[in-house]
Amino acid sequence: MALNRKIAYIDLTTGDIQVKPIPIEIRKRFIGGRGLDAYLLYNHTEKGVDPLSPDNVLLISAGLLAATCASATTRTHVMAKSPLTGLLGSTNMGGFFAPELAWAGFHHLVIRGKAEKPCYLFIHDGEIEIRDAKNIWGRSTTETQWAIREELNDPEVKSLVIGPAGETLVRFANVMTGIKDSGGRTGMGCIMGSKNLKAVAARGTTDISIAYPEEALEFNKRFIDQIASSKVNQTQGTLGTPFIWGATNSWGGVRARNFQYNQCEYADDIEPERIDEIATETMGPHHMAGCFGCQVHCRARYKLPSGPYAGKYDEGPEYTALGAFGAMPDCRNAETVLTCNYLVNQYGMDVLETGAMISWAMELFELGILTSEQTDGLELRFGNDEALIEMISRICSRKGWLGDTLADGGIPASEKIGKNSFDYLVQVKGMNNLHSDERGTPALALNVATASRGSDHLRSRPAIDLYHLPEQVLRKIYSNPVPYDGPLSSDHTVYEGKPWQVFWQENCYMAVDCLGICKYHTVFLGPTHPNFEDWAKVIHYNTGLEFTPKDIWDAAVRGNTIERLFNLREGLTRNDLQKGDMLNHRYFDEPCLRGAPDVVGRKIDKDKFIQMIDELYEHKGLDKDGVPKPETLKKQGLEGEPSHRL
Amino acid sequence: MANEEISTAEALRKTRTYGKIRCHNPSCMGRLTPEAGQAHVKCPECGMEFRVHWIRPDFPRIRGPVWEVNRKIAEEALKKKEKDQ
Amino acid sequence: MQKNNKILKIDYEKCTGCRLCELVCAVKHDRVSNPIRSRIRVIKWESEGIYVPVSCQQCEDAPCVLGCPAKALSRNDDLGRVEIDYNKCIGCRTCVSVCPFGAMHFVDADRKVIKCDLCDGDPQCVRFCDVEAVSFVETKDLGLEKGREAARRLQAAGKKAGTLLEA
């Protein structure tokens with residue numbers, strides 16, 4: 001028996017809509033959410049499809065557990081071929097949209113074609129309507145959501161929307177819901193814009209049955225207690241994700257001035273404690289907010305205290321914003337970070353990519369690679385807060401030569417700017433890295449180089465590698481649910497054993513992305529948070545489906561392999577600096593100049609790094625070129641893909 | 001359900017420490033024990049100094065480095081490493 | 001004589017807007033997940049970041065009890081609540097319209113009205129609310145926490161004023 005959450009195929013060119021159930025045997029293989037999206041993407045796109053053409057498909061999904069009686073089943077996944085990288089486009093976001101979509105009767109939307117004029121989808125209790133978006137086109141992300149509620153006369157409608165940046169096809173435009181919940185990475189908002197799709201609105205009032213309600217309720221309580229009692233949760237629930245800054249900027253893991261330094265010094269005004277003060281001053285002591293069904297409550301509510309948007313309400317800022325608008329452009333003022341955060345939220349642009357692109361341009365300007373003529377007279381130097389803010393608006397509206405150039409993303413921009421500009425772009429597979437500096441941490445460097453959607457910290461990062469946990473604790477975590485007796489080290493500076501940690505985390509994160517629960521509910525920042533064993537029970541009590549912890553692991557491995565197959569089909573080659581599993585030369589050539597005595601002088605040893613990639617490939621069942629071996633595909637049941645079963 | 005065996009994650013709960021912090025020098029990780037309300041702490045192992053923030057009266061965390069002190073330590077360490085090479 | 005004096009105390013300022021209370025309420029009462037079956041609802045003004053959980057206040061002089069033409073609503077002193085006798089209820093929804101808090105709901109799927117029953121003394125919304133935006137307290141203690149907070153502020157202000165005067 002299939003769950004009562006279905007898959008809808010929507011063709012925006014013809015207006016045709018088809019609805020199908022999702023067979024349990026497909027669930028067993030790909031679970032749902034990101035894993036099933038990856039299957040659908042591989043099956044519903046042709047090799048070499050132009051990302052902005054009607055033939056690209058946009059996948060929007062809720063995880064298997066969305067809206068069930070599990071913890072934080074908030075996550076929406078969005079996938080397509082990326083207009084930023086030309087490879088896998090994939091982004092995951094919190095908020096309240098995914099459960100609403102599930103209550104409306106759907107788990108997966110497969111959207112193809114291009115609407116003749118701007119439209120939006122309204123999904124409610126099994127029905128899907130394509131509606132005219134003439135009243136909302138051009139509006140900001142929040143205005144769009146409120147206007148849809150007004151038009152539909154229902155304050156409970158939850159919408160996934162694009163802002164002006166998605167409409168102008170900024171290659172890193174995001175999709176958003178609520179005030180700041182964003183699917184930021186890989187430019188999925190640009191795909192919506194290319195399809196003339198302004199929003200997907202959902203309102204659901206149908207029941208989601210719970211297989212064993214008493215057990216589900218009790219296990220949820222136990223699961224929550226396990227998380228809420230942890231130190232990391234208590235800190236995060238007070239300071240939000242910016243709390244990470246305290247450690248990373250102390251030891252030298254934050255890249256400043258693009259990639260010139262690995263610490264943002266004298267940045268007291270943008271420290272999480274300062275941001276917390278602003279939230280307290282503007283919204284009171286109880287200013288933290290949560291996503292659906294989540295007790296972590298890691299996002300602050302605040303009003304901008306000063307600047308051109310003083311008094312405007314916003315949420316966050318996330319750790320990423322401190323780096324994107326603080327450390328990387330070297331603008332160390334809370335007012336600037338919050339102003340920029342507000343602008344990208346309203347425009348609908350990825351905070352990370354926006355900050356990284358401008359910081360890169362600042363370095364190029366200071367080096368003379370970019371000229372005043374190209375910036376239309378803007379003094380685009382590090383520490384020029386006004387130039388940073390101005391540049392954000394120019395990118396959104398593609399104003400001026402540089403605004404238009406940067407809006408196309410890193411690699412196309414580097415080709416247009418020319419000279420050796422590409423050497424300064426800290427990217428992998430065409431996507432910029434977080435403001436984290438991995439030169440002191442080989443495990444994290446391996447993670448960003450091999451992440452399936454480009455340089456990224458949410459695909460396989462063994463963040464707990466920095467905690468120096470005793471080896472026996474690491475062994476407990478990393479030899480479950482599949483045995484592992486190879487090397488594991490508490491020392492973050494070594495290269496041994498790290499490929500296994502990256503492999504384990506890759507599967508752990510794929511699993512949560514399939515289930516639709518948040519990464520803060522698993523072994524990401526909290527080593528004692530729940531994982532595979534616990535999910536097997538959550539799935540059973542809520543859906544009645546039987547998965548062993550190993551079954552979940554296998555499905556996650558399968559999901560990762562199919563993402564790999566997609567990337568290989570679209571041109572991934574192991575050592576290609578633009579489309580491969582390789583880091584910018586700066587990781588190997590430029591030593592860290594700041595931070596703890598342990599960190600200064602460090603850079604990544606290229607030979608050992610390549611050896612780590614070899615090892616990771618072995619764990620993943622890939623050959624030396626990074627291609628799945630025939631026996632791997634057979635073992636995972638993927639030898640017949642694309643199989644077109646759904 | 002109360003009788004159900006505990007998971008690996010739950011078994012690891014006993015490894016948690018509350019109210020204690022460690023030095024943010026990754027190779028040091030010296031145990032730091034600031035007095036209640038104390039705003040600064042110096043690592044007895046490596047000499048790095050940190051500004052302390054209190055999440056709760058019984059729950060300290062490192063807010064950030066004492067810039068002048070740690071910058072000096074970093075520069076000395078870098079000089080030594082460059083000389084050793 | 002009222003035997004149970006505990007009621008739901010809602011401190012909306014503490015609410016994080018996560019709606020876990022709605023989820024567990026529906027699962028507890030109706031064994032399914034569906035917020036329109038929840039007896040407690042978090043009303044939101046997202047554009048301003050305001051979240052207010054709303055549930056039955058178990059009024060002493062309850063408009064729903066007074067207004068019910070079938071006398072299906074009554075006060076249960078043992079459990080300290082206003083409750084519905086579904087054998088008497090005619091489904092006229094008068095209680096829904098007279099409730100000043102909008103805390104009575106009509107569930108279309110079941111064609112019946114629902115309201116908070118305090119989970120017979122162990123409210124699940126309270127059990128799951130980590131930030132204690134919803135708590136289950138004795139009526140006599142309702143003002144206790146707010147009173148102490150206000151007194152602390154007064155004391156701090158007095159101390160500050162004293163310092164200023166001395167300076």
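In case you missed it, the structure is sitting above this.
Let us look at the structure shown here. (Residues numbered from 1 in each chain as written. Chains lettered and ligands numbered in written order. Predicted model: local features only at pLDDT ≥ 70, side-chain atom pairs only at ≥ 80, totals over all residues. Heavy atoms only, no water.)

Before going further, it helps to examine the packing of helix α19 (residues 498–515) of chain A against helix α21 (residues 549–569) of chain A. Residue and element names in this part refer to chain A. Orientation of α19 relative to α21, taken along the N-to-C sense of each, is 100°, at an axis distance of 8 Å. Our classification of the angle between α19 and α21 gives roughly perpendicular. Residues Trp-500, Phe-503, Trp-504, Glu-506, Asn-507, Met-510 and Ala-511 of α19 touch α21, and the partners they reach there are Ile-552, Trp-553, Ala-556, Val-557, Gly-559, Asn-560 and Glu-563. In terms of residue class, the contact of α19 with α21 is built from 9 nonpolar, 3 polar and 2 charged. (Axes fitted to C-alpha atoms, helices over the stretch in contact; angles between N-to-C directions. Helix = DSSP H or I, 4+ residues; strand = E, 2+ residues; numbered from the N terminus. Parallel < 35°, antiparallel > 145°, perpendicular 65-115°, else oblique. Contact = heavy atoms within 4.5 Å. Nonpolar A, V, L, I, M, F, W, Y, C, P; charged D, E, K, R; others polar.)

What follows covers the pairing of strand β4 (residues 49–56) of chain B. Residue and element names in this part refer to chain B. Note that strand β3 (residues 40–42) and β4 share 3 bridges and pair antiparallel. For Val-41, the partnering residue across the bridge sits in β4 and is Phe-50. In sequence, β3 turns back onto β4 through a hairpin of 6 residues, with Gly-47 there showing a positive phi of about 85°. In this sheet, strand β5 (residues 59–65) lies alongside β4 in antiparallel orientation, the contact comprising 6 bridges. Of the residues in β5, the one forming a bridge with His-53 is Arg-61. Counted along the chain from β4 to the antiparallel partner β5, the turn is 2 residues long. (Pairing = 2+ DSSP bridges.)

Contact with chain C, which involves 30 residues of that partner, is made by 41 residues of chain A. Buried area between chain C and chain A, both sides added, is near 2,900 Å², and the carbon and sulfur share of it is 56%. In this structure, Arg149(A) and Glu46(C) form a salt bridge, with 2.8 Å as the shortest nitrogen-oxygen distance. At the boundary of chain C and chain A, one finds 16 residue pairs in polar contact (both at pLDDT 80 or more). Broken down by secondary-structure element, the contributors of at least two residues to the side of chain C that touches chain A are α1 (20–30), β2 (32–33) and α4 (124–128) of chain C. The leading source of residues in the side of chain C that touches chain A is α1(C), at 5 residues. (Buried area = accessible area lost by both parts, 1.4 Å probe. Salt bridge = Lys/Arg side-chain N within 4 Å of Asp/Glu carboxyl O. Polar contact = N/O pair within 3.5 Å; in protein donor to acceptor, adjacent residues only side chain to side chain.)

The next subject is the interface of chain A and chain B. Taken together, the contact between chain A and chain B spans 56 residues of the former and 41 residues of the latter. Between chain A and chain B, roughly 4,200 Å² of surface is buried when both sides are summed, and carbon and sulfur atoms account for 54% of that area. Sorting the residues of chain A by area buried against chain B places Arg222(A), Lys231(A) and Glu273(A) first, and these three jointly supply 16% of that buried surface. Our count for the contact surface shared by chain A and chain B stands at 7 salt bridges. Of the charged contacts, one joins Asp268(A) and Arg51(B) as a salt bridge, the two residues approaching to 3.3 Å between their closest N and O atoms. Where chain A touches chain B, the interface holds 28 residue pairs in polar contact (both at pLDDT 80 or more). Of all elements in the fold, only α7 (213–228), α8 (231–239), α9 (245–251), α10 (272–283), α18 (471–478) and α20 (532–543) of chain A reach the threshold of two or more residues within the side of chain A that touches chain B. Of the residues that constitute the side of chain A that touches chain B, the class distribution is 22 nonpolar, 17 polar and 17 charged.

What follows is about the sheet that holds strand β16 (residues 313–316) of chain A. All names here are of chain A. Here we have 3 strands laid out as an open sheet, ordered β14-β15-β16, and antiparallel in their pairing. Only two strands of the sheet have a single partner each, and these edge strands are β14 (288–289) and β16. Here β14 pairs with strand β15 (residues 299–303) via 2 bridges, running antiparallel. Within β15, the residue paired with Met-288 across the bridge is Ala-300. Docked against the sheet, helix α12 (residues 334–347) engages β15 and β16, running at close to 95° with respect to β16.

The next subject is the sheet that holds strand β1 (residues 6–11) of chain A. All names here are of chain A. Pairing within the open sheet is mixed, and its 6 strands lie in the order β2-β1-β6-β3-β4-β5. With partners counted over all chains shown, the strands left at the sheet margins are β2 (17–20) and β5 (88–93), one partner each. Strand after strand, the sheet turns through a mean of 15° between neighbouring axes, direction not considered. Relative to β2, β1 runs antiparallel, the two sharing 4 bridges. Of the residues in β2, the one forming a bridge with Tyr-9 is Gln-18. Here helix α2 (residues 33–44) sits on the sheet and contacts β1, β3 (58–62), β4 (76–81), β5 and β6 (106–112); the angle it forms with β4, its principal contact strand, is near 20°.

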